[in-house]
Amino acid sequence: MKIPQDTTRPALTDTDALLRQRDRARRAGFVNLFHQIAADEIDDRLIEVNRTFTAPALVTGFPEIWGARFPQAHVVADDPVIDLQPGAHDLVIHAMSLHWAEDPIGQIAQCRRALREDGLFIGVCFGNQTLAELRAALAQAESEITGGLSPRVLPMGEIRDMGGLLQRAGLALPVADLLSQRASYRDLMHLGRDLRAMGEGNAMAARLRRPTRRDVIGRAAAILAAHHPDRDDPSRINVGFDLVFLTGWAPSDSQPKPLRPGSAKTALSDALNAIRKQNP
């Protein structure tokens, strides 16, 4: 299957740098807290579905973490062309990689094609308010000191936009929801080390290709400490991570369908009047 590429749009991700970062994190020992939170949430969603999946697949750049959580799944990389056979799976999980995708709708569409009829897609990735505090502090510090801005924190999708991708990819009954988490760090350097250990450092194609000036880092650290102290320990900083969960189903005739417009037998005004009479 050939996925068309938009050659006129500048690349968002330096794929080689991203793979290097993941490899360094792998060799150093992953900090996988948010992966574990995401996997726990997916487990809960699968329990609520109350269905036995016999042919699951897992798309991720972190096979060591996710393969251990879902050992029965067929694990493949989050490559531009995903190595999944059409109609081969009743469950596809896209795990913590979609925010780095050049073509997120293409990734979801490929997962959709890999699903059997009435198969389930679940995706999870970081959302757009992730590290908003860090983004603002770095931007303010660099603007004050150098008079310019460099791309330092990956722009991530809003939940409404991410939810719209499900329908565009051909999935039915789409749902997008958000889990917000707060995390406490000693300081900016501690946060930076953890991000690298997550494999989530700056791998943007347009990133600054030389070390950031010490005075910029120092000013950003001071801004974070002043404006985002941890409530329980003001000597630390507190930043947010958003996990966006995307759920959709491969279309099937057995699924509930919306009513045809104009087919309602009771006017909305009549229903509201009946409610008022019951609750005067």
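Our structure's up above, just so we're on the same page.
Here's what I pulled together on the structure shown here.

About the thresholds
Residues numbered from 1 in each chain as written. Predicted model: local features only at pLDDT ≥ 70, side-chain atom pairs only at ≥ 80, totals over all residues. Heavy atoms only, no water. Helix = DSSP H or I, 4+ residues; strand = E, 2+ residues; numbered from the N terminus. Buried < 20%, exposed > 50% of the residue type's maximum accessible area, 1.4 Å probe, protein only. Contact = heavy atoms within 4.5 Å. Areas by Shrake-Rupley, 256 points an atom, 1.4 Å probe, with all protein chains shown as cover. Pairing = 2+ DSSP bridges. Right-handed = clockwise from strand over helix to strand, strands pointing away. Core = buried A, V, L, I, M, F, W, Y, C linked by side-chain atoms within 4.5 Å. Polar contact = N/O pair within 3.5 Å; in protein donor to acceptor, adjacent residues only side chain to side chain. Salt bridge = Lys/Arg side-chain N within 4 Å of Asp/Glu carboxyl O. Axes fitted to C-alpha atoms, helices over the stretch in contact; angles between N-to-C directions.

### What to know about the overall build of the protein
Scanning the protein for helices and strands turns up 9 helices and 6 strands. Out of the 280 residues in the protein, the part that is buried amounts to 45%. By sequence separation, contacts in the protein at least 24 residues apart represent 81% of the contacts at least 6 residues apart. Accessible area of the protein: about 15300 Å², with a carbon and sulfur share of 53%.

### Concerning the pairing of strand E1 (residues 56-60)
Burial runs high along E1: 5 of the 5 residues are buried. Burial along E1 is two-sided: Pro56, Leu58 and Thr60 facing one way and Ala57 and Val59 facing the other are all buried. Sheet topology note: the E1/strand E3 (residues 89-95) ladder contains 5 bridges and is parallel. The residue of E3 that forms the bridge with Val59 is His94. Across 3 bridges, the pairing between E1 and strand E2 (residues 74-76) is parallel. Counterpart to Leu58 in the pairing with E2 is Val75. At this point the chain moves from E1, through helix H3 (residues 63-69), to the parallel E2, and the crossover so formed is right-handed.

### Observations concerning the nonpolar core
Counting residues in hydrophobic clusters, the biggest one holds 53 residues, and the most contacted among them are Trp66 and Phe241. Grouped together as the second largest cluster of nonpolar side chains are 24 residues, Ile108, Leu166, Val244 and Leu246 included.

### Regarding the side chain of Arg207
Its location among the elements puts Arg207 in the loop between helix H7 (188-197) and helix H8 (214-227). Looking at Arg207, the relative accessible area reads 15%, which means it is buried. Only 3.1 Å separates the side chain of Arg207 from the side chain of Asp14, close enough to count as a polar contact. Those residues in contact with Arg207, other than ones at most four positions away along the chain, are Asp14, Ala17, Arg20, Pro151 and Asn202.

### Details of helix H4 (residues 104-114)
Here H4 lies mainly inside the structure; 8 of its 11 residues are buried. Every buried residue of H4 is listed here: Ile105, Gly106, Gln107, Ile108, Ala109, Gln110, Cys111 and Ala114.

### Examining unusual backbone geometry
Positive phi outside glycine occurs at Asn50, with the angle close to 55 degrees. On the secondary structure map, Asn50 appears in the loop between helix H2 (33-49) and E1. Notably, Leu173 is not glycine yet its phi reads approximately 50 degrees, a positive angle. Within the element layout of this structure, Leu173 appears in strand E5 (residues 172-185).

### Things to note about the pattern of salt bridges
Counted under the stated rule, the structure contains 16 salt bridges. For the salt bridge of Glu41 with Arg45, the shortest nitrogen-to-oxygen distance reads 2.8 Å. Taken together, the positions of Glu41 and Arg45, both in helix H2 and 4 residues apart, correspond to about one turn of that helix. Notably, a salt bridge pairs Arg160 with Glu158, separated by 3.4 Å at the nearest N-O pair. Classification of Arg160 by relative accessible area gives exposed; the value is 69%. Using a relative accessible area of 34% as the deciding quantity, one classes Glu158 as partly exposed. Connected via shared salt-bridge partners are Asp23, Arg26, Arg27 and Glu64.

### Re the sheet that holds E3
Sheet architecture is open: 6 strands sit in the order E2-E1-E3-E4-E6-E5, paired in mixed fashion. The sheet is open, and its two edges are formed by E2 and E5, each paired on a single side. In this sheet, adjacent strand axes meet at a mean angle of 15 degrees when their direction is disregarded. As judged from the 12 bridges shared by E5 and strand E6 (residues 237-249), these two strands associate in the antiparallel manner. Bridging from a neighbouring strand, Ala176 pairs with Leu246 of E6.

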